[in-house]
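# Structural characterization, general
This is what each chain is made of:
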Amino acid sequence: MRQTHAVGRNASAIKYDILTALLVLAAQDPSPKGRLAGRLALLVTARFNWARGTFASGTREIARMWGVTERTAKRELAAMRSLGWISVHRPAARGRVTEHRIDIDAVLDGARPYWAAIGPDFVARMVGDADARSAGETNVVPFAPGASASPPRSEDGSLWSSVSRDLWARDSALHAAWFATLTEAERTPTSLTLLAPSRFAASYVETHFAGRLLAAISARDPGITHVRVAAAAEGRG
């Protein structure tokens, strides 16, 4: 899916992406999850050991950083554990505070509804586009250069190639983020199967854009009443 182990030549970019995900969640989610994201971002910035994937801070220190009581700090940490964002890696003992591990994938998934607000390049990195990840040495991974500026090609004559153009015309940024890499796998009189580059991308598109896809496809072929998005690795099964 995506690389979330912040070591190696892309470590700085990965760290920024993780913090960006937490901060956009903090900025945009009005629920308690947004508040928790902001507080976890502070812990990550101040106390996170990127090599170990853990932070070790006492409740009193955490309460001081957050500007809350120790009781509130304990409650907030428990809420983060219930979300699956953190877990106890090493319990407190005499002379040693509790060490928590952060589940980076869980944190990123928590911010997933707001990825698009950051931009298509961020979405591409989170989806784990292999070509994008290997495209360069810089901290910013290019996202399908020109994808949002140029319409998709349609030389193959497939139904999807025409629908893809329609979707691009309506929202080029959204198309670049989620639809540009889809390909047509199978078509029947009533259904269309599309392939996505990863299982995560397939699941996300089906969950969030199935209605939009079906509407666009039906506009081209009213007989199509069902659209399926599968991972390329799954083939046509």
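The coordinates are above.
In this report, the structure presented in the accompanying data block is examined. In this text the structure is predicted, and so the values were computed from the model without any measurement.

This part is about the sheet that holds strand β7 (residues 226-231). The pairing of strands in a sheet happens through backbone hydrogen bonds and is either parallel or antiparallel. If you walk across this open sheet you meet the three strands as β5-β6-β7, and the pairing is mixed. Here the strands that pair on one side only, and so sit at the sheet edges, are β5 (183-187) and β7. Here the average twist between neighbouring strands, direction ignored, is 30°. As defined by bridge partners, β5 adjoins strand β6 (residues 191-196) across four bridges and the pair is classed as antiparallel. Each bridged residue has a counterpart across the sheet, and for E184 the counterpart in β6 is L194. Seen against the sheet, helix α9 (residues 159-170) touches β5 and β6 and runs at an angle of roughly 135° to β5. Relative to the sheet, helix α11 (residues 199-220) contacts β6 and β7, its axis offset from that of β7 by approximately 160°.

Bringing the packing of helix α3 (residues 59-66) against helix α4 (residues 70-83) into the picture now. Where α3 meets α4, the axes come as close as 8 Å, and the angle between the chain directions of the two elements is 95°. Judged on the interaxial angle alone, α4 and α3 are roughly perpendicular. Of α4, the residues touching α3 (which contributes T59, R60, I62, A63 and W66) are E70, A73, K74, E76, L77 and M80. Its residues placed into classes, the contact of α3 with α4 shows six nonpolar, one polar and four charged.

Before going further, it helps to spend a moment on the pattern of salt bridges. One pass over the structure, following the stated rule, counts eight salt bridges. A salt bridge links E76 to R35, with the nearest nitrogen and oxygen atoms 2.7 Å apart. Here R35 lies in helix α2 (residues 32-47) and E76 lies in helix α4, a separation of 41 residues in the sequence. Note on E76: relative accessible area 4%, which makes it buried. Here R187 ties to D221 by a salt bridge, and the two come within 2.8 Å at their closest N and O atoms. Of this pair, R187 sits in strand β5 while D221 sits in the loop between α11 and β7, and the two are 34 residues apart along the sequence. Connected through salt bridges with shared partners, the residues R35, R39 and E76 form a single ionic network.

As a packed pair, α2 and α4 sit with axes 11 Å apart at the nearest point and diverge in direction by 100°. Considering their axes alone, α2 and α4 lie roughly perpendicular with respect to each other. Residues K33, R35, L36, R39, L40 and L43 of α2 form the contact with α4, whose participating residues are T72, E76, L77, A79, M80 and L83. Its residues assigned to classes, the contact of α2 with α4 shows seven nonpolar, one polar and four charged.

Once that is clear, we can look at helix α10 (residues 172-179). Of all eight residues making up α10, six are buried, and the element is well covered by its neighbours. Three or more residues of α10 are buried, namely L174, H175, A176, A177, W178 and F179. With a side-chain oxygen lying 3.0 Å from the backbone nitrogen of L174, the N-terminal cap of α10 falls on D171.

The pairing of strand β2 (residues 54-56) with strand β4 (residues 99-102) spans three bridges and is antiparallel. Bridging from a neighbouring strand, F55 pairs with H100 of β4. Where strand β3 (residues 86-90) and β4 come together, four bridges link them in antiparallel fashion. Along β4, the bridge assignment pairs R90 with E99.

Basis of the calculations
Each chain carries its own residue numbering, running from 1 in the written order of its sequence. Residue-level local features of this predicted model are given only where pLDDT is at least 70; pairs of side-chain atoms are given and counted only at 80 or more, and the full residue set underlies all totals for whole chains, interfaces and linings. Side-chain metrics in this entry use all non-hydrogen atoms of the structure; hydrogen atoms and water are not considered. In this description, strands pair whenever DSSP reports at least two bridges between them. By the criteria applied, helices consist of DSSP H or I runs no shorter than four residues and strands consist of E runs no shorter than two, each listed in order from the N terminus. To get an axis, a line is fitted to the C-alpha atoms, and for a helix only the part in contact is used. The angle between two axes follows their N-to-C directions and goes from 0 to 180 degrees. Here a residue-residue contact requires only that any non-hydrogen atoms of the pair lie within 4.5 Å. Note on terminology: angles under 35 degrees are roughly parallel, angles over 145 are roughly antiparallel, angles of 65 to 115 are roughly perpendicular, and the others are oblique. Polar here means any residue outside two lists: the nonpolar Ala, Val, Leu, Ile, Met, Phe, Trp, Tyr, Cys and Pro, and the charged Asp, Glu, Lys and Arg; Gly therefore counts as polar. Each salt bridge in this description consists of a side-chain nitrogen of Lys or Arg and a carboxyl oxygen of Asp or Glu lying within 4 Å of one another. Using a 1.4 Å probe on the protein chains alone, a residue whose accessible area is under 20% of its type maximum counts as buried, one over 50% counts as exposed, and one in between counts as partly exposed. Polar contacts here mean pairs of N or O atoms no more than 3.5 Å apart (in protein, one a potential hydrogen donor and the other a potential acceptor; neighbouring residues in sequence count only if both atoms are side-chain atoms).

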